[in-house]
Structure formats: structure tokens, C-alpha cells
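# Fold and contact review
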Amino acid sequence: MKHIKRSCNIMNEIIPFDFTTPSPDDIVRSKQKAAFTRTAFATAPPTVILKVPPKGRQSSKSPEKTINSNDQATNSQLNSDKSESLQKSQTLSNNVKTSLNIDSDKGRIVASNSEDSNLRTGKSDLKTDSGVLTVKSDSKVDTLKLESKTDSFLTPKKDPSLGAIPRSASKAKLLLDPAKMKEEYDKRLAEKDQLNMVVIGHVDAGKSTLMGHLLYQLGEINQRIMHKYEQESKKLGKGSFAFAWVLDETEEERARGVTMDIAQSRFETPKKVITLLDAPGHKDFIPNMITGTAQADVAILVVNATKGEFETGFELGGQTREHAILARSLGVTQLIVAVNKMDTIDWLETRYNDITKKLGQFLKQVGYKENDISFIPCSGLSGVNLTGRIPEPKLESWYKGSTLEEQIDKFKVVTRSIDKPFRLCVGDIFKGMGSGFSVTGRIVTGSVQPGDRLLVLPSGDSVAVKGLAINDVSYPCAFAGDHVTVTITGMDMNNIHVGSMLCDPTSPLKSATRIKAKIVLFNVEIPITKGFMVVFHYQSITEPAVIKRLNSQLNKSTGEVIKNKPKCLVKNMSAVVELEFDRPICLELYKDYKDLGRFMLRYSGHTIAAGLVEEVLKSKSKTDEGVSSSG
Amino acid sequence: MKQVFRNIDKYYAGSVELVPEEPEDMWHAYNLVAVGDTLRSTTIRKVQTESATGSVSVNKVRTTLCIQVETIDFDTQGCVLRVKGRNIQENQYVKMGAYHTLDLELNRKFALGKHEWDSVALDRIDMACDPTQHADLAAVIMQEGLAHVCLITPNMTLLRAKIETTIPRKRKGMCAQHDKGLTKFYDQIIQAVLRHVNFDIVKCVLIASPGFVKDQFAEYMFTMAVKMDWKILTDNKSKFVLVHSSSGFKHSLKDNKSKFVLVHSSSGFKHSLKEVLQDPSLAPKLADTKALTEVKALDEFYQMLMNDADRASYGVKHVEKAVDLQAVEILLISDELFRAQDVQKRKRYIKIVDGVKENGGEVRIFSSLHVSGEQLGQLSGVAAILRFPIHDDDDDSEEEG
Ligand SMILES: Nc1nc2c(ncn2[C@@H]2O[C@H](COP(=O)(O)OP(=O)(O)OP(=O)(O)O)[C@@H](O)[C@H]2O)c(=O)[nH]1
Ligand SMILES: [Mg+2]
């Protein structure tokens, strides 16, 4: 409810809310939580104040945090309580393996956070854990995690802190230690390279048809199904979309012959395993295209060679242009341009050369390196030059280059940050079979295995990983770059959303309601002023945001400040601005996590700018103003 | 709003008696009442009485009170205006100086006294009492998983419901959960429409979305309406209009109206909706809404900023300077500024308005409840299109909004 308030004396002196003491809400909530959590305790333990040294620095003044627990003084009691309940939970559930894991992993983290190591020595689990909680000095996260803490304490099987102190190794053996993980990863490296490839381009360029047909030629789609698609699409009067149906699976998409959301599939070439993301081309679905592209390593840009059609996509406002720029801004560096529908222009070499020349120039301008771009003439409908199965004399007379499949096989391998803390951005949530529910997304950094405890942000829930699947095949572990389906338990499915983050509980993401960012404006029609209301696209999040401040205008090539506090920004300028969100968004700084520090700004259906997160200025609460920008 | 009585002397002191007739008038009243004013209205007061035998009883009595205003509260959900202050007139139930909160009620007159009625306040009364302009709209702004149901009156855009759900995405070989999630989402929106849209008042309902969500939703809604026999929807079918928008966020209301692209019939609409789109009476109906004129004015400002940045200025200081130079052609100012606590600040804004009027400029007062007004508010609340270029030296040290 919106409430506007005005008064003569109240407004002048706003009394800042004291977040260090529990609000009545917090207490009620924690009580409620206790009531609804299956726990080994007969009654919920009382809410008490637990002192925690602030921000990992030794200091006598400590902010007080509420943790729903027994009194701190009774540490030993607490521990025994815990282990007792732990045992109970072990007998109650088959979740034994979750209780202890990554011992040495945690050890490593402790060491790296040496600032707070003083907190962790031999004290109670609870205290140790709380120490970790404050490391980020990010009170938003603190509060969130306190909730999760509460939760995890009451149901000890969820407690992430249990892993922090090496205990009986017998329980840990169910999990792979880092060395084993590394081995597992090396094994993976020895196999084919994994790549995430997004297919982009103007609406109706033939993206889905091209990819559907490629999948078919590679044997990923069986003939019976393909036959069925042919029959059914014909019945709808959309016979030409039969191959597109491989990827356009919703009723709505098929009826309209338009891709609306990313379709994910997978195929193999001699040296690669490709996770295919088929993006929609229609400009109304660019938010979905952004989501898909944010998860991709490489891209295929499909252009329609038909007379007049290439031009439509390529002119100002066309999506050939917009998609190419978006992909580059989202970190895609390698690009194959599929010059499609060559059958409609009788495989004319001159037309092909004309298109590749124009596009080549443009792509270079946008920032792609010449060596990283390649061009392939093809026809998705007739299947020519996809895998080399269908001969076309008209093409062969002048073209001696690779097929699409061969070119995909030539993509360079990308390196993954598997040693960084785990991060996954939730792209989809659904109910699977069995307990819990599943989320999907690409692992941005780190690795994960069943039994791991993860923190869900922004909700703050602590969850257990029950299972991992990549393309419906279950795996013992997954690494950065993998598109995984993670089955989790331990939270209400309604509290997790598309755009939520799963992360390592000892190293959560930053939470922000106001950030400072460097942006580069695209070819915008109207000037950007402060107060501009934009849509913020980040990973799979789309959220409204306001440009609160234009800090400075920068020289595009040198990055120097040209002008402070500019009145407005116009097309192609580069600038530092401040953005504010209605509710906290979990993100990272570009300097710490490249992939998690990029975002896009859109306004009124146009992409107006690409941005990099430079600094978190405010997280949710007012008590922790000027949150550190250190990683 | 009806004006019953007005007595304002040549020094602009005096009082006005008004009767609010609809929720919108509460918003006007909210903009008129300022801290320090006197407000008289009938109200309910709990009174303790002690009988001869010494027993105490509490009674509610209706009485007329006059208070000196200290706090003012407006609740957009119920359109209730709540004014608190000390009693300043002898009353049989309430002591002098005792606190009381007046809830202004529809169809009950109130009298407002000010030491100084400024031009903005007087214009506001005239506007409020002008019976002509009344086009209430409802709008459903949506995208997959997110919908805003809003009511739009001349001076207010009121968010009535926000629906946000997670819809499972399409997955290889499994679209059932996606479809199920979608219908559940649509059901929630329909419930919100049924609950919040009063079809006796609302002239038309815009359904706006990017892509095909609006079409799909409309189709679903009317199928359901027939099935469930929701007369209110089937009878008012002709009031629904599909509009294109870039997103499901509330602020994209703005671009809807500036563009007002009616979706082409080729995408398979319901017949009746086509009729609505073809109805030529719809365009003028929308054209005179204040919301739309504000959007246009703000657009003009941005156009000017683009084409000739020195002929557009924003921020109090810059605009003041332009007023001094008699350069302001059109002033855009948010009504929020006139609600400032600080009398000096309020006077400063009034002076800008009066200055512009004196020099033949046009003044557009934006409602802070409309989306365009919200944006103007973010842009310091005041902006101007100038007759001739003035170069702002960039020394500005204006504080943040
Ligand atoms: N002649 C010819 N038609 C093609 C070719 N490839 C695709 N098409 C046709 O182009 C139309 C659009 O194909 P889609 O695959 O749906 O295009 P898209 O790029 O996926 O479209 P969106 O996903 O909606 O942006 C269909 O009717 C296809 O049959 C081709 O190589 N030659
Ligand atoms: Mg497609």
C-alpha cells in the first residue's frame, strides 16, 4: 500500500530504525518459522541476543544480532543439543550426507577470510557460523542469513556450519573432496569441450528451423517425431515450420510460428558438446533473449539472405543489429554468422559477399575481433551446408569452406572459473518428481555436488542439494559453465523466483538497492536524464530501476571524465551513473565476477545501454551505509 | 467537488467551504490542506460522561470541530484523507488544545482556512470544481508472470493489484507446467479485475502487454467469463481494449499512451474487441485525460532536450534562473512540491509558477500519482521548455531527490 505522509515535526527528524535489535516482526516470524519447521525440539527455543563481533574485525563493540537459539552462555549445552537433534534428524531422514561436507573446502575459505578467523577457533558451531555471516559487512545479507540461520538451527540437518569444523570423517566420505572434484573436472576436460551456444538474429531469420534441422541431421531427433511434426504443422497450415517445432514447443509458439522463449537442447560435434539455446527474434521477447545470451559462451547470428529481408534486420531498429550488440555487451566474443535462406536467392555468391562485407564491418565496429567471426552460407529449410549431407551444386561451385557443424566444432574453448565460490542464477523453477523441487540455470562459477548446502538469495533460505542433472542425465557433480537442473529441499518453492541466486553460504553475493555503474549508451532516440525509469536486465532478472544520478560523462576510448554531473546523456556516450531498485537485487561487481557484473538497460522496448557494476552503494538496510566494495 | 462558500479577502486570507463528491476530490483536498491551516468539519468523537452516581460511560457523538492542522495523511488504497491537529474552537465535548484527527468524508462539507491562499491552491479549487472532465480508465499492464491492475482518473493513477508469479518456463518435451502456470496467472488477474474495476464508472479497460500475452489473456478471460457466467465481464466486453506495451511494469503505462498502438487484427482477436478498436469515439475519450496530456508534455520536454539542450532546463535553480530571464515557455511542475512542509520552499515554487504566468508562459501542474508525474518528481519535480537558449553553467550543487 502506498502511503503518503506529511507532518510538521515528524518529517524533519527521521529516526533511523535500529536493525541491531530484533523488530517485533522478526520475533514473530522466527516463532512462526519454528512452529512450522519440523524440529527435534519439543518447543521452539527462546529468542535471545547473541553478540557477534562486527565485520570480521576484532572489536569490543559488537552489534547484537538475534538468533533464535539457546543462550550463548550455554555453548556446550547448545552443542550437545545440536548433535542430539542432529542424530535425530539422521534417523529421521535419509539426509545424512548433507550434514557434513567440504571440510577441507571450508578450511580453505576460512583461511582466505583470515580477518575473521579469530571468530572461528574452537567456539560453538553457532558462533563460528555467525562470524562468517558478518564477513560481508553487508547487513542485507546478514539479516537474510540470520533467518536462514534460525532455520538451520532448528533443523540441524540443514546447518551449513556443521561442515565448518572437521568432525567424524565417516560422514564426509559421501562427498567428494576438492581433490576428487578436481579429478572429476580433469576427467571432464579430457572429454569433449562443453560450450553454451545461443542462436540469435532478427525475427523469422530461420533460427529455429536451422537448429531444428541441424539437430535432425545430427540424429538428435528421431524420424518418427519429425514425421509427426511435419503432419501436424501441415494441418495447422504451418508446414514450413516443421523443423522449428523441434524447438518451438509451446502451443502458442506453434500456432503463431514465432519463438517466444529460449529453448534449450543439446548436440555433439566431433570435438564439442554443445548446449544450444534458441533465442526468440521478435523484439518484444528481447528480455528472454538477454536471459539466454547471458548464459552463453558463443553465438550463432542468423541472418536472412532474402532480398530486402537482410536489410530489414540490419537497418536501425532491426534485431540483427540489436542482438549482435547485446551479445557482445553480454560477454560473447566468438560468433558464427549463418547467412541463411540462401535458397531464396539461388545461392548467389555476389549477394553472399555483399552481406558478409556489410556485416563484417559492422561487427568489427561493435567490438568483435575479426578472427573470432566466421560466415557460413546455408539453408535451414533445405538443410544445405549444415552437416554436408545434402549436396547443392550451386553452392559448391563457389564455396569451399566449412559446414555449419564443422565451424561450430572450431569454436575456441573457454576457460571456466571453477575455483571461485559457487554461483548459479535461477532461470526456471518447477516441480519434479519426488521430494523438493528443481531449479535450472547455468553455473557461473564454482562447482556443486549432491549433499552440498547452498544459500538462496534474496530469500535467505538454506537448502540441500538432492540431485544434479545435466540434460536429464544425473551427474555426481557439476561445474562452472554447466546448465544444470538442481533438485533442492529445505525451502518453500514460493520463496524462490526466476532471478534468485544459489550460492556458497560462506561467500554470498552482494545485495544492492543502489549501485554505481559504468554504462555505454546505444543509439538512443531521447536523452537520458536523472530520474529516468528504465528496466534493468541482469541474468534472468528484469526489474524496474531509476537512474538516480548522472555522475560523470566519460571519454569513450580513454575512460577519462569529460564532464561531471552532465545535464543529460545522449546517444553513444559513455558515463558513470547511479541506479536504484525497488527491492534488493543480488549481484557482483564486474571486477570480481565478469559475468555477474554485466547488465542491460532498456526503455520503452529499446535497449538503451549496456552497463558494468562498479560499486554497491546501498544494500537494503540503512544501518550499513556505504557498504564496502571489496570482494 | 462542490464549493459552498468562499470568503477570501484582498490579502488572500480567508476560508473556503467545499463538499468532496468522489474519491478524486480527496486527492484535491490533500493538495489543498497545508500544515498550519485551520480545518473545520463534522466528526465522530468518543466522549466520556460521568453520571451523578459516578459511573463512567463512553459515547460516540457527532460534533463539528475546528482544528489547526499538524499532520496530513493520504491513503491511496482507500482514498482517505486523515488530518490531525489541535482543537482551536470552544466545543461542548472537546477541550481547547486537545488533539483530534479528522477523516474527511465524501459528501460532508469541510471548511478550510488559510492565512494566505496562493494561486496554485485557488487554481486547484477551480479545477476540482470543474464538472466536465471525467474519464475513468482501468488498465491491466502485463507480461508473463507480472501484472499491474491500475485505475486511472484525471488526477490519479492508482495501483489496485500487483500480481507476480513464477511461471515455469517451457522445457524440452514438457510444456504442461508452463501452461498450467500461465492459466493460474490469468485466473489471478481476472479475480483482480472483477474485484477492482467498477464498470459503472470505468469507461474503458486497457489490456497492455508486449508480445501476445494480452491476446492470450483476453481470450482466456472471455472464455472463462462465458463459462462461469460472469455477467459483469460479458456485458462490458466492449469496454476492453488491447494495447501494446514494452513491459509489464507500471511505468510502461506511459509509453502505452504516447504510442497507443492498437494491435493489428491479423493476430487473431476476438471479434468484439475489434469493434472496440474501430470505435472512433475511443480516441477522444482518451485524449482529454490529464494523464495523457502530462505524458505528452514530458515527451515534448525530452524532445527539446534532445534537439536543443539549452532550451530545456530542470532543477529548481536552473528553472528559477530561466524564470528571471522571462525565458520559460512551458513549465512542468509536480504538485508534490506544493505540499512541501517548509513554507519558504512552498513559496519558492509558487513564485516560479506566478512568474511564468506573468510572462505569458504556460504552467502544467503534474499529479505526482501519475507515472509521468512520478518521473518528473525524479527529475527534481520541476522542468521547463524555454523560449530561447540559456546555457547552464554546470556549477549545480542541487541535492538529490
Ligand atoms: N526458403 C527458406 N525458408 C526458410 C529457411 N529457414 C527458415 N525458413 C522459413 O522462415 C520461417 C521462419 O522460420 P523460423 O525458424 O521460425 O524463424 P526464427 O528465426 O526461429 O523466428 P523467431 O524465432 O520467431 O524469431 C519459416 O516459415 C521457415 O520455414 C531457409 O533456409 N529457406
Ligand atoms: Mg525461432
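Every chain's residues receive numbers from 1 upward, in the order its sequence appears when written. Each chain is given a letter, starting from A, and each ligand a number, starting from 1, according to the order in which they appear as written. In keeping with the predicted nature of the model, local features appear solely for residues at pLDDT of at least 70, side-chain atom pairs appear and are counted solely at 80 or more, and the whole-chain, interface and lining totals rest on all residues. Working from all heavy atoms in the structure, the side-chain values ignore hydrogens and water.

Numbering of helices and strands starts at the N terminus; helices are DSSP runs of H or I of at least 4 residues and strands are runs of E of at least 2. Of the regular secondary structure elements, chain B holds 12 helices and 16 strands. Classification of the 401 residues of chain B by burial places 54% in the buried group. In chain B, the proportion of contacts linking residues at least 24 apart, taken out of those at least 6 apart, comes to 67%. Relative accessibility decides the category of a residue: with a 1.4 Å probe and only protein chains considered, values under 20% of the type maximum give buried, values over 50% give exposed, and everything between is partly exposed. The criterion used for residue contact is that any of the two residues' heavy atoms lie within 4.5 Å.

Before going further, it helps to spend a moment on the site of ligand 1. Residue and element names in this part refer to chain A. Near ligand 1 lie 21 residues; those nearest to it are Lys-207, Ser-208, Thr-209, Ser-240 and Thr-259. Here a polar contact is recorded for every N or O atom pair within 3.5 Å, except that within protein the pair must consist of a potential hydrogen donor and a potential acceptor, and residues adjacent in sequence are included only if both atoms are side-chain atoms. Between an oxygen atom of ligand 1 and a main-chain N or O atom of Leu-381, the distance comes to 3.2 Å. Per-residue and other accessible areas were derived by the Shrake-Rupley procedure at a 1.4 Å probe size, with only the shown protein chains allowed to occlude residues. When ligand 1 sits alone it has 640 Å² of accessible area, and the protein chains cover 92% of it. Ranked by residue count, the leading element in the shell around ligand 1 is helix 9 (residues 207–217), at three residues. The nonpolar class holds Ala, Val, Leu, Ile, Met, Phe, Trp, Tyr, Cys and Pro. Asp, Glu, Lys and Arg form the charged class, and all remaining residues, Gly among them, are polar. In terms of residue class, the shell around ligand 1 is built from six nonpolar, 11 polar and four charged. Neighbouring residues are identified by heavy atoms, a residue being near a molecule or strand if any of them is within 4 Å of it.

Before going further, it helps to spend a moment on the interface of chain A and chain B. At the interface, 65 residues of chain A touch 65 residues of chain B. Computed with a 1.4 Å rolling probe, the buried area is the accessible surface lost when two parts are put together, summed over both parts. Here chain A meets chain B over a buried area of about 5,600 Å², counting both sides, of which 50% is carbon and sulfur. Criterion for a salt bridge: a side-chain nitrogen of Lys or Arg within 4 Å of a carboxyl oxygen of Asp or Glu. Linking chain A with chain B are two salt bridges. Ionic pairing is found between Glu-164 of chain B and Arg-583 of chain A, a salt bridge with its closest N-O pair at 2.6 Å. Counting every contact that joins chain A to chain B gives 13 residue pairs in polar contact (both at pLDDT 80 or more). Secondary-structure elements contributing two or more residues to the side of chain A that touches chain B are strand 1 (3–7), helix 11 (251–256), strand 5 (263–268), helix 12 (286–294), strand 11 (428–430), strand 21 (532–538) and strand 22 (541–554) of chain A. Here the side of chain A that touches chain B gets six residues from one element, more than from any other, and that element is strand 22 of chain A.

All names here are of chain B. In this model, chain B carries a mean pLDDT of 80, and residues with pLDDT of at least 70 account for 84%. Scored below 50 in pLDDT, residues 252–282 shows 69 contacts in the model against residues more than four places distant or in partner chains. The pLDDT value tells you how sure the predictor is about a given residue, anywhere from 0 up to 100. Counting interchain partners and residues more than four positions distant, the pLDDT-below-50 stretch residues 397–401 has 11 contacts. For this predicted complex, the interface score ipTM comes out at 0.80, alongside a pTM of 0.75.

There is about 1,500 Å³ of room inside the second largest pocket. Only protein atoms enter the 1 Å grid used here, on which a cavity is any set of points holding a 1.4 Å probe that cannot leave and a pocket is any open set flanked by protein within 12 Å on both sides along at least five of seven lines; residues with an atom within 4 Å of a point are listed as lining. In this structure, the second largest pocket is lined by 49 residues; those nearest its centre are Leu-521, Phe-522, Asn-523, Thr-607 and Ile-608 of chain A. Those elements giving two or more residues to the lining of the second largest pocket turn out to be helix 14 (319–329), helix 15 (349–366), strand 20 (510–521), strand 25 (598–603) and strand 26 (606–618) of chain A together with helix 6 (252–259) and helix 9 (290–307) of chain B. Per-element tally for the lining of the second largest pocket: the top contributor is helix 14 of chain A, with seven residues. Grid points are joined across faces, edges and corners, and a volume is the space filled by probe spheres set on the points.

Once their charged atoms are close, side chains differing in charge can pair, the charge on each being opposite to the other. Taken as a whole, this structure holds 45 salt bridges over all chains when the rule is applied. Here Asp-193 of chain A makes a salt bridge to Lys-272 of chain A, at a shortest N to O gap of 3.9 Å. Here the residue Asp-193 of chain A occupies a position in strand 4 (residues 193–200), and Lys-272 of chain A occupies one in strand 6 (residues 272–278), the gap between them amounting to 79 residues. When the shortest N-O distance is used, the salt bridge between Arg-40 of chain B and Glu-17 of chain B registers 3.3 Å.

The next thing to look at is the UniProt feature "domain: Tr-type G" (unreviewed entry) in chain A. Under the feature "domain: Tr-type G" (unreviewed entry), the UniProt entry names residues 192–418 of chain A. Spanning residues 192–418 of chain A, this segment combines 37% helix with 18% strand, and its end C-alpha atoms are found 17 Å apart. UniProt positions are given in the numbering used here, feature names are shortened, and annotations may be inferred rather than shown by experiment.

As a further point, take the sheet that holds strand 13 (residues 312–314) of chain B. Strands pair in a sheet through their backbones, by hydrogen bonds, and they do so in one of two ways: parallel or antiparallel. Residues and elements named next belong to chain B. Two strands pair under a simple rule: DSSP has to find at least two bridges between them. One open sheet accounts for four strands, arranged 13-16-14-15; its pairing is mixed. Of all strands in the sheet, those bounded by a partner on one side alone are strand 13 and strand 15 (362–366). The sheet shows a mean angle of 15 degrees between the axes of neighbouring strands, direction not considered. Note: strand 13 against strand 16 (residues 382–386), three bridges, orientation antiparallel. Across the sheet, the residue bridging to Ser-313 is Ala-384, located in strand 16. Axis geometry follows a simple rule: fit a line to the C-alpha atoms, using only the stretch in contact for helices, then measure angles between N-to-C directions, giving values from 0 to 180 degrees.

On to the packing of aromatic side chains. What counts as a ring pair is set by centres within 6.5 Å for rings of Phe, Tyr and Trp (its six-membered ring), and what kind of pair is set by the plane angle: stacked under 30 degrees, edge-to-face over 60, tilted for all other angles. Throughout the structure, instances matching the rule amount to 19 aromatic pairs over all chains. Between the aromatic rings of Phe-536 of chain A and Tyr-538 of chain A, the centroid separation amounts to 6.1 Å while the plane-to-plane angle is 20 degrees, which identifies the pairing as stacked. With a centroid separation of 4.8 Å and 35 degrees between ring planes, the pair formed by Phe-536 of chain A and Phe-599 of chain A is classed as tilted. Linking Phe-536 of chain A in strand 21 with Phe-599 of chain A in strand 25, this pair joins segments that are 63 residues apart in sequence. When its relative accessible area of 0% is taken as the criterion, Phe-536 of chain A is described as buried. What makes Phe-599 of chain A buried here is its relative accessible area of 0%. Among the aromatic residues, ring-to-ring pairing joins Phe-532 and Tyr-603 of chain A together with Phe-301 and Tyr-302 of chain B into one connected group. Of note, Lys-84 of chain B hangs over the ring of Tyr-99 of chain B, and the distance from its end group to the ring centre comes to 5.2 Å. Lying over the aromatic face of Trp-117 of chain B, Lys-114 of chain B brings its terminal NZ or CZ to 5.4 Å of the ring centre. A ring is considered to have a charge above it if a Lys NZ or an Arg CZ atom is located within 6 Å of its centre and within 35 degrees of its normal.

To continue, consider the coordination of the magnesium ion (ligand 2). All names here are of chain A. Every protein donor of the magnesium ion (ligand 2) is accounted for by Ser-208 (OG) and Thr-259 (OG1), and the metal-donor separations fall at 1.9 to 2.0 Å. Here the residue Ser-208 occupies a position in helix 9, and Thr-259 occupies one in the loop between helix 11 and strand 5, the gap between them amounting to 51 residues. Summarising the burial analysis for this pair, Ser-208 and Thr-259 share the class buried. With water omitted from the atoms examined, metal sites may look incomplete; donors here are N, O and S atoms no farther than 2.8 Å from the metal, or 3.2 Å in the case of Na, K and Ca.

Residue and element names in this part refer to chain A. In space, the six strands of this open sheet follow the order 5-6-4-7-8-9, with mixed pairing throughout. In this open sheet, the two edge strands, each paired with only one partner strand, are strand 5 and strand 9 (373–377). If you compare each strand with its neighbour and ignore which way they point, the axes differ by 25 degrees on average. The pairing of strand 8 (residues 334–340) with strand 9 spans five bridges and is parallel. Bridging from a neighbouring strand, Val-337 pairs with Phe-375 of strand 9. Sitting on the sheet, helix 15 touches strand 7 (298–304), strand 8 and strand 9, and the angle it makes with strand 9 is about 160 degrees.

Residues and elements named next belong to chain A. It is at 10 Å that the axes of helix 12 and helix 14 come closest, and there the two elements cross at 35 degrees. Regarding helix 12 and helix 14, the two cross each other, and that crossing is right-handed. Side by side, helix 12 and helix 14 meet where Ile-286, Met-289, Ile-290 and Thr-293 of the first sit next to Gln-319, Glu-322, His-323, Leu-326 and Ala-327 of the second. Per-class residue counts for the contact of helix 12 with helix 14 are five nonpolar, three polar and one charged. Handedness of a helix crossing follows the sense of rotation of the near helix relative to the far helix, less than a right angle counterclockwise being left-handed and clockwise being right-handed.

Here we take up the nonpolar core. Generally speaking, a soluble globular protein has its nonpolar side chains buried in company with each other. As used in this record, nonpolar core signifies buried Ala, Val, Leu, Ile, Met, Phe, Trp, Tyr and Cys residues forming a set joined through side-chain atoms within 4.5 Å. Core analysis: the largest hydrophobic core is formed by 73 residues, its most contacted members being Met-197, Met-211, Ile-300, Val-337, Leu-404 and Ile-408 of chain A. Top element by residues in this core is strand 7 of chain A. It accounts for six residues. With near-sequence residues (within four places) excluded, Leu-404 of chain A lies in contact with Leu-210, Met-211, Leu-214, Ile-300, Ile-336, Ile-376, Asn-385 and Leu-386 of chain A. With 58 residues, the next largest nonpolar core counts Met-573, Cys-586 and Val-613 of chain A together with Leu-332 of chain B among its residues.

The next thing to look at is the environment of Val-343 of chain B. Mapped onto the fold, Val-343 of chain B is located in helix 11 (residues 343–358). Sequence separation between Val-343 of chain B and Ala-34 of chain B is 309 residues, and the spatial gap between their C-alpha atoms is 9.2 Å.

With that settled, the discussion passes to the packing of helix 1 (residues 23–32) of chain B against helix 2 (residues 119–129) of chain B. All names here are of chain B. Between helix 1 and helix 2, whose axes approach to 10 Å, the crossing angle comes to 170 degrees. Relative to helix 2, the element helix 1 is oriented roughly antiparallel. Packed against helix 1, whose contacting residues are Asp-25, Trp-27, His-28, Asn-31 and Leu-32, the element helix 2 presents Ala-121, Arg-124, Ile-125, Met-127 and Ala-128 at the interface. Here the contact of helix 1 with helix 2 is composed, by residue class, of six nonpolar, two polar and two charged. Put simply, angles under 35 degrees are roughly parallel, angles over 145 are roughly antiparallel, angles from 65 to 115 are roughly perpendicular, and the rest are oblique.

The next point concerns the pairing of strand 15 (residues 462–470) of chain A. Residue and element names in this part refer to chain A. When you tally the buried positions in strand 15, you get eight out of nine residues, the bulk of the element. Sheet topology note: the strand 14 (residues 453–457)/strand 15 ladder contains three bridges and is antiparallel. Of the residues in strand 15, the one forming a bridge with Arg-453 is Ala-464. Here strand 14 folds back onto strand 15, and the loop between the two strands holds four residues, one of which, Gly-460, carries a positive phi near 85 degrees. Here five bridges tie strand 15 to strand 18 (residues 483–489), and the two strands are oriented antiparallel to one another. In the sheet register, Ala-464 faces strand 18, and the bridge partner there is Thr-489. Where strand 15 lies against strand 16 (residues 473–474), two bridges are found, and the strand directions are antiparallel.

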